Amino acid sequence: MMGDQTIHRAAQIIKKGGIVTFPTETVYGLGANAFNPLAVARIFEVKRRPYFDPLIVHVANPSSVEKLTKETPSNAKKLIEKFWPGPLTIVLSKEEKIPDIVTAGLPTLAIRMPNHPMALALIEESECPIAAPSANPFGYVSPTTTEHVRDQLGDQVDLILDGGPCPVGVESTIVSFLEERPVLLRPGGVSLEEIESVIGKVEIPSIEGRPSAPGMLPKHYAPRTPIVLDRNQENSDLYKDKNIGLLLFQGPKDDPKCRFMEILSTKGDLREAAANLFAAIRRLDALNLDLIVAEPIPEVGLGRAIMDRLRRAASRRE
Ligand code: TXA
Ligand code: MG
């Protein structure tokens, strides 16, 4: 952990147009002053992120929403009241003053207040909203520790703030309020059940057709090693001559022949599984295996976000 002084230095860097990686409760972010287009451009360069993929703007106070967006529908207000600070991002119509590079030219803004003391202190001291994607090269698994960040972006950022492992472990849930009905653009750290208990039914677009979520490419969150979702795991003939690793939810059903295995939660706890997911994928990815075989996870609560990430990681479509 680091002290106030490091946060102070990080804030000075943000103010001067630099880029800093910082912890949030979900995953590590790579941040810049949202009002500085040149600083934001550096984020896209470092991540090799296509400019058509907009960023989430992070704020330290719910009242910032009114300053950065046009009107806030009452259902959006209810979610903000209930889940902020927390792993929930809201998409609303943006105010003109937000630079186009942040929103990829869209008239909308994705905004969230993270639930992490270092993130909140950084935003406050920087005295600006912070535009930040996850701190990983585009398309790769998001980082949940500073080691992950250092491995991939270490020499390209101005400062790495260390807040230990991210407690939630999957990215924020994204809900759009541009249509009459709220739309779930990305399942994440706040479950659909929790959201619907506050505002009622939310639309769920199919994974293939999400025109309003440019970053929701079928192939995303992917390790270098090919990954397949398969209930049969290693026992299938398909994997006979392959060097495989298993990504299991609770543990092996029978005696595994496979030497490389990651178990997400022996208790079968979906929150614990989410918190372990990306680090487990990275460990398997480091072994130079032919294939990672992942066990499907129950699609309730955080299981929906986990399965969304696994399906995208396994997708062959770019
Ligand atoms: O938990 C999180 O949300 C993390 C932490 C760092 O806050 N951030 C994160 O950012 O996951 P990123 O850039 O990796 O993913 C943001 C997603 C992208 O898929 C992007 O397309 C979508 O949010 N997005 C951003 N602005 C949008 C907008 N105006 N309309 C629709 N989708 C948007
Ligand atoms: Mg990302």
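Just so we're clear, the structure is a prediction, and the values are computed from it rather than from any experiment.

Caption draft 1: Fine view of the overall build of the protein. Within the protein, the secondary structure is distributed over 10 helices and 13 strands. What you see for the protein is a C-alpha radius of gyration of 19 Å, in line with the 20 Å of a compact globule of 318 residues. Overall, the protein is about 60 × 45 × 35 Å in size when its C-alpha atoms are taken along their principal axes. Counting only residues that meet the buried cut, the protein has 59% of its 318 residues in that class. Long-range contacts, defined as pairs at least 24 residues apart, comprise 67% of the intrachain contacts of the protein with a sequence gap of at least 6. Between the averaged position of the 38 positive side-chain charges in the protein and that of its 41 negative side-chain charges there is a distance of 1 Å.

Caption draft 2: Expanded view of the pattern of salt bridges. Inspection of every chain in the model, using the stated rule, returns 18 salt bridges. Between Asp-308 and Arg-312 there is a salt bridge whose closest N-O contact spans 3.0 Å. Residue Asp-308 and its partner Arg-312 are located together in helix α10 (residues 303–314), separated by four residues, close to a single helical turn. For the pair Asp-308 and Arg-312, one class covers both residues: buried. Linked by salt bridges that have partners in common, Glu-171, Asp-308, Arg-309 and Arg-312 make up one network.

Caption draft 3: Summary view of the environment of Met-307. Here Met-307 is to be found in helix α10. Judged by relative accessible area, Met-307 falls into the buried class, the value being 4%. Taking the C-alpha atoms as reference points, Met-307 and Ala-294, 13 residues apart in sequence, are found 10.0 Å from one another. Other than its neighbours up to four places away in sequence, Met-307 contacts Leu-229, Pro-296, Ile-297 and Glu-299.

Caption draft 4: Region of interest: the side chain of Thr-6. For Thr-6, the position within the fold is in helix α1 (residues 4–15). In this structure, Thr-6 is in contact with Leu-159 and Leu-161, ignoring residues within four places of it in sequence.

Caption draft 5: Broad picture of the side chain of Thr-72. One can find Thr-72 in the loop between α3 (64–68) and α4 (74–83). Given a relative accessible area of 12%, Thr-72 falls into the buried group. Aside from chain neighbours lying at most four places away, what touches Thr-72 is Val-65, Lys-77, Ile-80 and Leu-92.

Caption draft 6: Fine view of the sheet that holds strand β11 (residues 244–248). Across the sheet, four strands lie side by side as β10-β13-β11-β12; this open sheet has parallel pairing. Pairing within the sheet leaves two strands with one partner each, and these edge strands are β10 (227–229) and β12 (260–263). Direction aside, neighbouring strands of the sheet carry axes that sit 20° apart on average. This element, helix α9 (residues 270–285), spans β11, β12 and β13 (291–294) of the sheet and lies at about 170° to β11. Relative to β10, α10 is tilted by about 130°, and along the sheet it contacts β10, β11 and β13.

Caption draft 7: Highlighting the packing of α1 against helix α6 (residues 117–126). Remark: α1 packs on α6, axes separated minimally by 8 Å, with the N-to-C direction vectors making an angle of 50°. Between α1 and α6, the crossing angle belongs to the class labelled oblique. Relative to α6, the crossing made by α1 is right-handed. In contact with Ile-7, His-8, Ala-10, Ala-11, Ile-14 and Lys-15 of α1, α6 contributes Met-118, Ala-121, Leu-122, Glu-125 and Ser-126. Each residue belonging to the contact of α1 with α6 can be placed in one class, and the counts come to seven nonpolar, two polar and two charged.

Caption draft 8: Examining unusual backbone geometry more closely. In the segment running from Trp-84 into Pro-85, the intervening peptide bond is cis, with an omega of -10°. When you line up the elements, Pro-85 lands in the loop between α4 and β4 (88–93). Look at Arg-48: it is not a glycine, yet its phi comes out positive at around 55°. Turning to its location among the elements, Arg-48 is positioned in the loop between α2 (37–47) and β3 (56–58).

Caption draft 9: Seen up close, the site of ligand 1. For ligand 1, the set of nearby residues contains 25 residues, the closest of which are Thr-26, Asp-53, His-58, Ser-172 and Arg-186. Take Thr-26: an N or O atom from its side chain is 2.7 Å from an oxygen atom of ligand 1. At a separation of 2.9 Å, an oxygen atom of ligand 1 approaches a polar side-chain atom of Arg-49. A total of 680 Å² of accessible area belongs to ligand 1 in isolation, and the protein chains cover 98% of it. At the level of secondary structure, the elements contributing two or more residues to the shell around ligand 1 comprise β3, β5 (108–112) and β9 (183–186). In terms of residue count, β5 provides more of the shell around ligand 1 than any other element does, three residues in total. Here the residues of the shell around ligand 1 sort into 12 nonpolar, eight polar and five charged.

Definitions and cut-offs
Residues numbered from 1 in each chain as written. Chains lettered and ligands numbered in written order. Predicted model: local features only at pLDDT ≥ 70, side-chain atom pairs only at ≥ 80, totals over all residues. Heavy atoms only, no water. Helix = DSSP H or I, 4+ residues; strand = E, 2+ residues; numbered from the N terminus. Rg over C-alpha atoms; globule rule 2.2 N^0.38 Å. Buried < 20%, exposed > 50% of the residue type's maximum accessible area, 1.4 Å probe, protein only. Contact = heavy atoms within 4.5 Å. Lys, Arg positive; Asp, Glu negative; His and termini not counted. Charge placed at Lys NZ, Arg CZ, Asp CG, Glu CD. Salt bridge = Lys/Arg side-chain N within 4 Å of Asp/Glu carboxyl O. Pairing = 2+ DSSP bridges. Axes fitted to C-alpha atoms, helices over the stretch in contact; angles between N-to-C directions. Parallel < 35°, antiparallel > 145°, perpendicular 65-115°, else oblique. Left-handed = near helix turned anticlockwise from the far one by under 90°. Nonpolar A, V, L, I, M, F, W, Y, C, P; charged D, E, K, R; others polar. Near = heavy atom within 4 Å. Polar contact = N/O pair within 3.5 Å; in protein donor to acceptor, adjacent residues only side chain to side chain. Areas by Shrake-Rupley, 256 points an atom, 1.4 Å probe, with all protein chains shown as cover.

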